[in-house]
Amino acid sequence: MASAPLPLEPSPIRFGTDGWRGILGVDITVERLLPVAAAAARELEHSAPPGLHSREVVIGYDRRFLAPELAEAIAAAVRGADLEPLLTDTPVPTPACSWAVVERGALGALVITASHNPPEWLGLKIKGHFGGSVEGDFTARVEKRLEAGGITVPIAGDTPRFDGWAGYLAGLRRLVNTGALRQGLARLGMAVIVDPMHGSAAGGLPALLGQPPAAAPHPAETGGIQEIRSNRDPLFGGHPPEPLEPYLGELIAAVRASTAAGQPALGIVFDGDGDRIAAIDERGRYCSTQLLMPLLIDHLARARGLPGAVVKTVSGSDLMQQVAEGLGRRVIEKPVGFKYIAAEMLSGDVLIGGEESGGVGLGMHLPERDALFVALLVVEAVVEGGLPLGERLDQLREAHGGAGTYDRLDLRLRDMATRQRLAHQLADAAPTEVAGAPVLEVIRTDGVKLRLGASHWLMLRFSGTEPLLRLYCEGPSPERVAAVLAWARQYAEAA
């Protein structure tokens, strides 16, 4: 794998939408991580609600290089803050740490992970006492603590450990009848092939759907649930552990081979820390949450009859809204970022909330993305519908106006000056025509979204920290989506 040259200076310590991340050995070092962990732990204690008297901070980690060792190191920082660290005994999905916080009544969790970022990255996620990511005002206070330079001396010692899988898996089994899912899959003659992308969710779905269910996961083929790429590989096969189609060739081939051999297969893929999901249907087609969210909205509202509104980001497919409104559900549209969805989940009655990048949360669960739980519900929806995933999705789309296509392009601009110039151009005079189609509406919830017709739009959204422009498009056909994205690239490069 060819690597980009390392930066010679670390970036400032700044928290993004879900934690602090950077390049291991440059941005993320023991020297920098210890004070961040201590400041985060102190802020968890300071922000604890009245009546929460715990001094416990859960610490988890993923399968990246040095993640276990750095998790042990930040336990010393938590002790130095006069709090009690509790460390998972194996790598676990990030949602398992959130579950442990709620189950134990802890102050929160610190998780060593870089989620879906490239292999050379690592980072720290902070989870609050409520079992979800802390908000921006919390991380701003952590940054202020760091700027103030308070001294916390790490205290070495033996850190208590616990089984981070057992309670989490038991909790998921209480939410979903996994025995009925096993029977349903057998009845349909369907295989499930899981690709955890070498990440920390490995073994979870076989443990939940295998026969018999195990208390802890074992990455192997269990009870007809097959796993690929389940071994720990800190290089993740040479690609970021992000559930995107270009990185899923092995899974797509395995699903197609199973279907061709007479056993339709459902492919499930998780990102590096188990909070994002995508699927592969029986024909080998990639299904992002742009398709899985409408399926889950239909299943949870119609088949399960669960209450609550649907929360989507502005980059989410129109199909989400069409399915939700067809079932009489209110739709709340938010800027991109799961923190906005989580805030709605904490403040109101939410059925489901999700974003196009693979993060989905359920109102019956935690205010947190949880890919394993979502995977169980996708299997449940397929079993309930009695059809393989692709046929089920085709049926759903036809009921709401026919098939549509979605794609996204991340375009690196020349420099930050180009970014600023293009941002001003869009702010002052957004395009009135895109690839031959008139712009019917300009939406500025996050970036600039140009409505071109029913289930047809282009969205342009900048990264906040680098010269990167994200282009999102939904349209009536792959050809039309490709044409609109080509137009958008040309528009951006002309700035």
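Relevant structure appears above.
Since this is a predicted model, take the numbers as computed values, not measurements.

J.: Looking at this structure, how should I read the overall build of the protein chain?
T.: Within the protein chain, the regular secondary structure consists of 15 helices and 22 strands. For the protein chain, whose C-alpha radius of gyration is 22 Å, the value lies close to the compact-globule estimate of 23 Å for 495 residues. Once the C-alpha set of the protein chain is aligned to its principal axes, its extents read approximately 65 × 60 × 45 Å. Buried positions account for 57% of the 495 residues belonging to the protein chain. Restricting the contact set of the protein chain to residue pairs at least 6 apart, pairs at least 24 apart contribute 70%. When the accessible surface of the protein chain is totalled, it reaches about 19100 Å², and 53% of it is carbon and sulfur.

J.: For this particular structure, what's the right way to read the sheet that holds strand β21 (residues 456-462)?
T.: Think of a sheet as strands paired side by side through backbone hydrogen bonds, with each pair either parallel or antiparallel. The strand order across the open sheet built from five strands is β16-β22-β21-β20-β19, with neighbouring strands paired in antiparallel fashion. At either margin of the open sheet sits one strand with a lone partner, and together these are β16 (405-412) and β19 (441-443). Strand-to-strand twist across the sheet, computed as the mean angle between neighbouring axes with direction ignored, equals 15 degrees.

J.: How do you make sense of helix α13 (residues 389-398) when you look at a structure like this?
T.: Residue pairs spaced three or four apart in an α-helix point in one direction, given the helix's 3.6 residues per turn. If you check which residues of α13 are buried, you get L389, G390, R392, L393, L396 and R397. All buried residues of α13 fall inside an arc of 160 degrees around its axis, so they share one side. Lining the buried residues of α13 we find β9 (265-270), β10 (277-280), β11 (286-287), α9 (289-303), α10 (318-326) and α12 (371-385).

J.: What is the right way to look at the pairing of strand β4 (residues 108-112) in this model?
T.: Moving residue by residue along a regular strand, the side chains alternate between the two faces of the sheet. A large share of β4 lies buried, amounting to five of its five residues. Here β4 shows a buried face lined by G108, L110 and I112 and a second buried face lined by A109 and V111. Pairing of strand β2 (residues 56-61) with β4, which is carried by five bridges, proceeds in the parallel orientation. Its bridge partner lying in β4, V58 is registered against A109. Here β4 pairs with strand β5 (residues 121-127) via four bridges, running antiparallel. Residue pairing for β5: L110 is matched across the bridge by I126.

J.: Teacher, can you tell me more about the pattern of salt bridges here?
T.: Working definition: two side chains of opposite charge can pair if their charged atoms are close together. Inspection of every chain in the model, using the stated rule, returns 36 salt bridges. Residues D18 and K127 are paired through a salt bridge, measuring 3.9 Å at the closest nitrogen-oxygen approach. One end of the pair, D18, is in the segment before β1 (20-23); the other, K127, is in strand β5, with 109 residues separating them in the sequence. Across the pair, exposure class does not vary: D18 and K127 are buried alike. Via salt bridges that share partners, D18, K125, K127, D273, D275, E355, E368 and R369 belong to a single interconnected network.

J.: Sorry, what's going on with the side chain of T94 here?
T.: Within the secondary structure layout, T94 lies in helix α3 (residues 94-104). The residues contacting T94, other than those within four sequence positions of it, are V111, T113, K125, K127, D273 and E368.

J.: Help me out: how do you make sense of the packing of α3 against helix α5 (residues 166-175) in this one?
T.: Packed helix pairs are characterised by how far apart their axes lie and by the angle those axes make with each other. Taken N-terminus to C-terminus, the directions of α3 and α5 make an angle of 85 degrees; their axes are 9 Å apart at the nearest point. Here α3 is positioned roughly perpendicular relative to α5, judged by the angle of their axes. Between α3 and α5, the contacting residues are P95, A96, W99 and E103 on the first element and G167, Y168, G171 and R174 on the second.

J.: I tried to follow the packing of aromatic side chains on my own but got confused; where do I start?
T.: Two measures describe an aromatic ring pair: the distance that separates the ring centres and the angle between the ring planes. One pass over the structure, following the stated rule, counts three aromatic pairs. Centre to centre, the rings of W487 and Y491 are 5.3 Å apart; their planes meet at 10 degrees, and the pair counts as stacked. Here the residue W487 and the residue Y491 both occupy positions in helix α15 (residues 478-493), the gap between them amounting to four residues, near one helical turn. Accessibility expressed as a relative area gives 22% for W487, which makes it partly exposed. One residue, K449, lies across the ring of W457, its end atom 4.3 Å from the ring centre.

J.: It is not clear to me how the nonpolar core should be interpreted in this structure. Could you clarify?
T.: Side chains of nonpolar character tend, in soluble globular proteins, to be buried together. Grouped together as the largest cluster of nonpolar side chains are 67 residues, with contacts concentrated most on L205, I268, F270, I352 and L389. At twelve residues, α12 tops the list of elements feeding residues into this core. When neighbours within four sequence positions are excluded, I352 is seen to be in contact with M293, L296, I297, L300, A309, V310, V311, V360, G361 and L362. Core analysis: the next-biggest nonpolar cluster, separate from the first, contains 36 residues, L34, L70, L122 and I126 among them.

J.: Just checking my understanding: could you explain the environment of G284 for this structure?
T.: Looking at the secondary structure, you find G284 in the loop between β10 and β11. According to the relative accessible area criterion, G284 is buried, its value standing at 3%. Spatially, the C-alpha atoms of G284 and G262 are 14 Å apart, while their sequence positions differ by 22 residues.

J.: Looking at this structure, I do not really get the layout of surface pockets. What am I missing?
T.: Rolling a probe over the atoms, with the probe sized like a water molecule, indicates the empty space that remains. Taken as a whole, the second largest pocket spans an internal volume of roughly 280 Å³. Elements that contribute at least two residues to the lining of the second largest pocket include exactly α1 (30-46) and α4 (136-148). With five residues, α1 is the largest single contributor of residues to the lining of the second largest pocket. Broken down by class, the residue content of the lining of the second largest pocket amounts to nine nonpolar, three polar and two charged.

About the cut-offs
- Residues numbered from 1 in each chain as written.
- Predicted model: local features only at pLDDT ≥ 70, side-chain atom pairs only at ≥ 80, totals over all residues.
- Heavy atoms only, no water.
- Helix = DSSP H or I, 4+ residues; strand = E, 2+ residues; numbered from the N terminus.
- Rg over C-alpha atoms; globule rule 2.2 N^0.38 Å.
- Buried < 20%, exposed > 50% of the residue type's maximum accessible area, 1.4 Å probe, protein only.
- Contact = heavy atoms within 4.5 Å.
- Areas by Shrake-Rupley, 256 points an atom, 1.4 Å probe, with all protein chains shown as cover.
- Pairing = 2+ DSSP bridges.
- Axes fitted to C-alpha atoms, helices over the stretch in contact; angles between N-to-C directions.
- Arc of directions from axis to C-beta.
- Salt bridge = Lys/Arg side-chain N within 4 Å of Asp/Glu carboxyl O.
- Parallel < 35°, antiparallel > 145°, perpendicular 65-115°, else oblique.
- Phe/Tyr/Trp six-rings, centres within 6.5 Å; stacked < 30°, edge-to-face > 60°.
- Lys NZ or Arg CZ within 6 Å of the ring centre and 35° of its normal.
- Core = buried A, V, L, I, M, F, W, Y, C linked by side-chain atoms within 4.5 Å.
- 1 Å grid on protein atoms, 1.4 Å probe; cavity = no way out; pocket = protein on both sides within 12 Å on 5 of 7 lines; lining within 4 Å.
- Points joined across faces, edges and corners; volume = space filled by probe spheres on them.
- Nonpolar A, V, L, I, M, F, W, Y, C, P; charged D, E, K, R; others polar.

Without other data, these values stay purely geometric and don't point to any function.
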